[in-house]
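Summary of structural features
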Amino acid sequence: MDYVEHRMNDEALKQATNTTGLLSPLNIALLAILLYTAYTTFLSKPSYPTLPRPPPPIVFKTYTPRTLLPFNGEDGKPVFLAVRGAVFDVSRGRNFYGPGGPYENFAGRDASRGLACGSFDEDMLTKDLDGPLDALADLGEEEMEALRGWEERFGEKYDVIGRLVSVREFEEMNKKE
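First things first, this report covers the structure right here in the doc. (Residues numbered from 1 in each chain as written. Predicted model: local features only at pLDDT ≥ 70, side-chain atom pairs only at ≥ 80, totals over all residues. Heavy atoms only, no water.)

**Re the nonpolar core**
Formed by 21 residues in total, the largest nonpolar core has its most connected members in Leu81, Val90, Tyr97, Leu115 and Phe154. Every element with two or more residues in this core is listed here: β2 (80–83), β3 (86–89), α5 (112–117) and α6 (141–157). Top contributing element to this core by residue count: α6, with four residues. In contact with tyrosine 97, other than residues within four places in its own chain, are Val79, Leu81, Val90, Tyr103, Glu104, Ala107, Trp150, Phe154 and Tyr158. (Core = buried A, V, L, I, M, F, W, Y, C linked by side-chain atoms within 4.5 Å. Buried < 20%, exposed > 50% of the residue type's maximum accessible area, 1.4 Å probe, protein only. Helix = DSSP H or I, 4+ residues; strand = E, 2+ residues; numbered from the N terminus. Contact = heavy atoms within 4.5 Å.)

**Let's talk about the packing of aromatic side chains**
Aromatic rings considered in pairs are described by the distance between their centres and by the relative angle of their planes. The final tally for this structure, using the stated rule, is 14 aromatic pairs. Plain terms: the ring middles of phenylalanine 154 and tyrosine 158 are 5.8 Å apart, the flat faces sit at 40° to each other, and that makes the pair tilted. In this structure, phenylalanine 154 and tyrosine 158 share a single accessibility class: buried. Three or more aromatic residues joined by ring pairs make a cluster, and in this case those are Phe88, Phe96, Tyr97, Tyr103, Phe106, Phe120, Trp150, Phe154 and Tyr158. The ring of tryptophan 150 carries arginine 153 above its face, with NZ or CZ at 4.8 Å from the centroid. (Phe/Tyr/Trp six-rings, centres within 6.5 Å; stacked < 30°, edge-to-face > 60°. Lys NZ or Arg CZ within 6 Å of the ring centre and 35° of its normal.)

**Topic: the layout of surface pockets**
In this approach the atoms are scanned with a rolling probe the size of a water molecule, which exposes any empty space left behind. Each pocket or cavity is described by its volume, and for the largest pocket that value is around 260 Å³. If you go around the largest pocket, you meet 13 residues; those closest to its centre are Pro56, Ile58, Asp89, Asp159 and Ile161. (1 Å grid on protein atoms, 1.4 Å probe; cavity = no way out; pocket = protein on both sides within 12 Å on 5 of 7 lines; lining within 4 Å. Points joined across faces, edges and corners; volume = space filled by probe spheres on them.)

**Structural notes on the pairing of β2**
In β2, alternate side chains face the same way, and those of Phe80 and Ala82 on one face and Leu81 and Val83 on the other are all buried. If you look at the hairpin formed by β2 and β3, you'll find two residues sitting between the two strands, and arginine 84 has a positive phi there, around 45°. (Pairing = 2+ DSSP bridges.)

**Points about a nonpolar patch on the surface**
Where nonpolar side chains cluster on the molecular surface, the patch consists of Leu22, Leu23 and Ile28 and spans about 350 Å² of accessible area. Structurally, the position occupied by leucine 23 is in the loop between α1 (2–22) and α2 (25–43). (Patch = residues over 30% accessible without salt bridge, like charges linked within 9 Å, V, L, I, M, F, W, Y side chains within 5 Å. Areas by Shrake-Rupley, 256 points an atom, 1.4 Å probe, with all protein chains shown as cover. Salt bridge = Lys/Arg side-chain N within 4 Å of Asp/Glu carboxyl O.)

Structure follows, in structure tokens:
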């Protein structure tokens, strides 16, 4: 009887080991890893990182005061302004330079005199759009230094997209071509 009992105990022990062997924590962890790997390999769509769109290419153009004027940010247009002959695309700063912004007077205009003098008044802007550009000859050293500071700030923050010339200069350039 000892042998029979012992044999029965061995059989019962084997059956108990087999069922608990499949449900061991290690087997459950391995099964979870296998299922996760199968899911990510076969069922899930790969999520590739999306790169931001590159900015549109910058086309360097020559502007006159009249051709610069429409770029004041109205009707969804870009916002450009000129400082000492360099035309900057300040569209990223639309809150400042576009419609309703504190510097909106300078949008689409030559802002050189106004920035140099720290004034937003209309009389700081060029009135005759077909005449010569403001040479800024009557400005003092302090005002010119302020203007250089603005130029530097714009150069660090915004793209130069063109240059501002008078209508006469523009016509002379086109005659040569």
